[in-house]
Amino acid sequence: MNMRVLLISALLGFVSHVRAKPDSNACISANAKTCGECIQTGPQCVWCKDPDFKPSRCDEKESLQKAGCTPLGIENPRGTVTIDKNKPVTNRKNEGGENLRPEEFVQIQPQKFTLNLRSDEPQKFTLTFKRAKDYPIDLYFLMDLSDSMRTNLENVKNLGADLAKEMRYITKDLRIGFGSFLENPCFPNDCTAPFSYKNVLSLTNDSTLFTQEVSKQKTSGNLDSSEAGFDAIMQAAVCTKEIGWRNVTRFLVFSTDAGFHFAGDGKLGGIDYPTISQLVDTLSDNNIQTIFAVTEQFRALYEELSALIPKSTVGTLSTSSSNVIQLIIDSYNSLSAEVILENSKLPDDVSISYVSHCKNGVSRKDESGGKCSNISIGDEVKFDIEITAKGCPSNKSETIKIKLLGSNEEVEVVLNFICECECHKDGIPNSPSCHFGNGTLECGVCRCNYGRLGRLCECSQNEVETDDLDANCRIGKETEVCSNNGECVCGTCECKKRDNPVERYSGKFCECDNFSCDRSNNKLCGGHGRCECGKCICDANYFGSACDCPLDTSTCLASNKQICNGRGTCECGVCKCTDSKFQGQTCEICPTCPGVCTEHKDCVQCRAFATGDKKDTCEKECMYFNLKLVKMKNELPQPHDQPYINHCKERDANDCWFFFSYATKNDSTVEVHVAEELGTCWMK
């Protein structure tokens with residue numbers, strides 16, 4: 001991975017981290033008036049109950065402490081998880097162990113929790129599932145006795161003994177029952193009368209009795225051409241007492257060689273059949289796992305149905321049902337190897353998520369339930385469950401169930417919602433602190449009696465236009481009441497008084513003052529203006545945020561009477577030199593410049609005397625000044641005659657002294673006066 005990729009990854013991680021951080025202003029912007037409202041805003045919000053605390057009472061803990069809230073004044077209730085029932089899972093290691101009653105088996109632990117939920121603060125707990133050896137099984141065989149199933153019935157008669165023998169390695173406690181439903185007209189004369197559903201034998205551990213009762217059964221026919229199988233399943237599922245269902249693992253084997261009815265199919269005949277959703281709910285509510293043992297012709301149809309029914313499977317019957325025992329064993333193993341957790345209906349604004357920790361280190365997250373596959377007897381898996389509430393539901397306590405599908409075992413979860421702070425219990429009704437007893441002093445603030453409003457319940461509802469008085473005292477939704485510089489009295493801001501009587505707050509929302517403007521030289525507005533609503537209004541001839549910039553340029557005049565020597569600009573009475581060669585208070589110092597006299601002597605000499613190094617280029621290079629000739633040296637201009645004059649004495653080409661003056665006028669023109677009379681000449 002190259003450096004660019006690493007940098008992008010780091011930046012993305014940083015952005016993600018920043019986005020995940022809670023809004024630090026969320027607590028204040030919620031404008032919570034009570035401790036209960038504050039803690040429902042978010043898990044980061046806490047309340048200050050100190051009686052004399054003036055800033056916003058609802059904020060993050062660190063901010064409240066910085067603002068002066070005492071440690072005992074902080075109200076910050078947190079959510080909790082309590083385990084109420086925690087029987088250990090059944091751990092049967094020895095073959096010869098004591099037989100347990102059905103109610104003594106435990107496959108999921110713990111069995112009951114109590115969660116105290118604060119808004120937006122998730123609470124987590126872990127469930128352990130261990131598949132128990134010898135877990136009791138109730139198996140009810142529901143068979144289509146239409147005439148086409150005649151041969152299949154013969155093979156089912158010995159089902160009880162054979163199935164008990166095959167399943168002895170799975171459980172020592174197996175009970176089996178038998179029911180039938182009829183379909184299709186028959187042609188032999190010995191068919192029994194048609195009927196829909198009949199419970200032939202309730203669940204029993206007597207395999208001999210099973211064989212006897214099933215042997216008595218005969219196939220029959222029905223004028224209806226499609227089987228009413230759904231109706232039979234529904235009756236077998238809900239008739240708990242008649243069938244003899246125990247609170248153990250329940251299996252229903254549905255055996256047929258035909259399709260099934262949908263709701264509405266029988267209305268012309270005066271009957272109706274259950275819907276698929278009714279069938280799904282009934283099987284789930286009664287913890288029944290379903291095995292559809294059907295012929296190859298209808299396998300695809302029942303696989304579509306099975307996909308809609310949790311904890312169900314489809315097996316293919318041979319022509320005579322000779323494989324029914326192996327089909328049941330295989331289906332049982334498939335269904336029992338899958339563990340599914342599902343919760344009952346959640347209250348509004350409550351969410352749940354599952355993380356399943358299955359075999360071989362495999363984990364998965366799901367919002368709808370927990371699920372692990374390939375679980376053998378003795379295997380243990382875990383489920384992390386997280387429950388979050390949003391706000392405060394109308395019912396302060398609710399109970400949900402987390403079911404182990406296909407089993408009677410379930411986990412009870414009591415949800416208690418934290419809607420108020422602890423200080424709510426200590427409220428003082430009709431407190432004198434609340435405007436002559438017009439409210440309850442609770443958590444440091446007044447909860448007003450009916451018809452009263454205001455921070456101290458000082459307002460009558462009949463006197464104001466809105467119940468939210470504080471809204472009239474805020475510039476915006478996320479700002480402090482009266483800008484934290486006053487109190488809201490019946491919807492109007494009354495600004496605080498300052499210790500210094502000259503200093504004052506003002507404005508509709510106390511948003512202005514006359515003392516917090518910029519300063520210069522430790523003086524408000526530099527001593528050259530007045531402070532209005534945090535901004536300096538400067539006196540004439542001054543400007544700037546602190547009125548520290550004079551419009552007068554006299555302090556920028558150079559000795560030649562030019563502003564900053566013509567080499568800069570005057571800003572706030574100070575020269576800013578624009579020519580990098582010049583410096584100093586008035587841009588007159590040029591450490592690297594030659595002298596004015598030396599710089600211009602060649603041009604002066606060629607213009608005045610037609611001599612010198614530039615005599616041949618004089619017109620091209622030396623016409624930048626006005627030349628005036630005088631007779632004598634003493635006739636040259638004097639300092640009082642011009643803004644600034646340089647008097648020069650230089651040698652000419654003949655080594656004689658000549659004299660001139662050099663002056664820059666205010667209009668930037670240059671004027672040079674030259675004395676025609678030369679001075680002393682040096683002999684060569």
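This structure is a prediction, so every number in the text was calculated from the model and none was measured.

This part is about the nonpolar core. Core analysis: the biggest nonpolar cluster contains 32 residues, and Phe141, Leu159, Leu163 and Phe178 have the highest contact counts within it. With seven residues, helix H12 (residues 324–336) is the largest single contributor of residues to this core. Ignoring sequence-local partners within four residues, the contact set of phenylalanine 178 consists of Tyr140, Phe141, Met143, Leu153, Val156, Asn199, Val200, Leu201, Phe210, Val214 and Gln217. Counting residues in each nonpolar core, the second largest holds 29 residues, with Leu346, Ile375, Leu415 and Cys419 among its members.

Turning our attention to the state of the cysteines. Under the definition given, this model contains 25 disulfides. Bridging cysteine 473 to cysteine 488, the disulfide has an S-S length of 2.0 Å. Disulfide cysteine 473-cysteine 488: the torsion about the S-S bond is 65 degrees, which places it as right-handed. Linking cysteine 473 in the loop between strand S24 (459–460) and strand S25 (486–489) with cysteine 488 in strand S25, this pair joins segments that are 15 residues apart in sequence.

Buried within helix H7 (residues 207–215) we find Phe210, Glu213 and Val214. Burial along H7 is one-sided: seen end-on, the buried residues are contained in an arc of 95 degrees. Looking at the packing, one finds that the buried side of H7 touches helix H5 (150–156), helix H6 (159–166), strand S9 (174–181) and strand S10 (197–204). Its side-chain oxygen at 3.1 Å from the backbone nitrogen of threonine 208, aspartate 206 defines the N-terminal cap of H7.

Before going further, it helps to examine helix H10 (residues 276–285). Taken together, the buried positions of H10 are Leu279, Val280, Thr282 and Leu283. Where H10 is buried, its residues contact helix H8 (229–238) and strand S12 (288–294).

Scoring rules and cut-offs
Residues numbered from 1 in each chain as written. Predicted model: local features only at pLDDT ≥ 70, side-chain atom pairs only at ≥ 80, totals over all residues. Heavy atoms only, no water. Core = buried A, V, L, I, M, F, W, Y, C linked by side-chain atoms within 4.5 Å. Buried < 20%, exposed > 50% of the residue type's maximum accessible area, 1.4 Å probe, protein only. Helix = DSSP H or I, 4+ residues; strand = E, 2+ residues; numbered from the N terminus. Contact = heavy atoms within 4.5 Å. Disulfide = S-S within 2.5 Å. Arc of directions from axis to C-beta. Polar contact = N/O pair within 3.5 Å; in protein donor to acceptor, adjacent residues only side chain to side chain.

Such coordinate-based values are descriptive only and should not be taken to indicate function.
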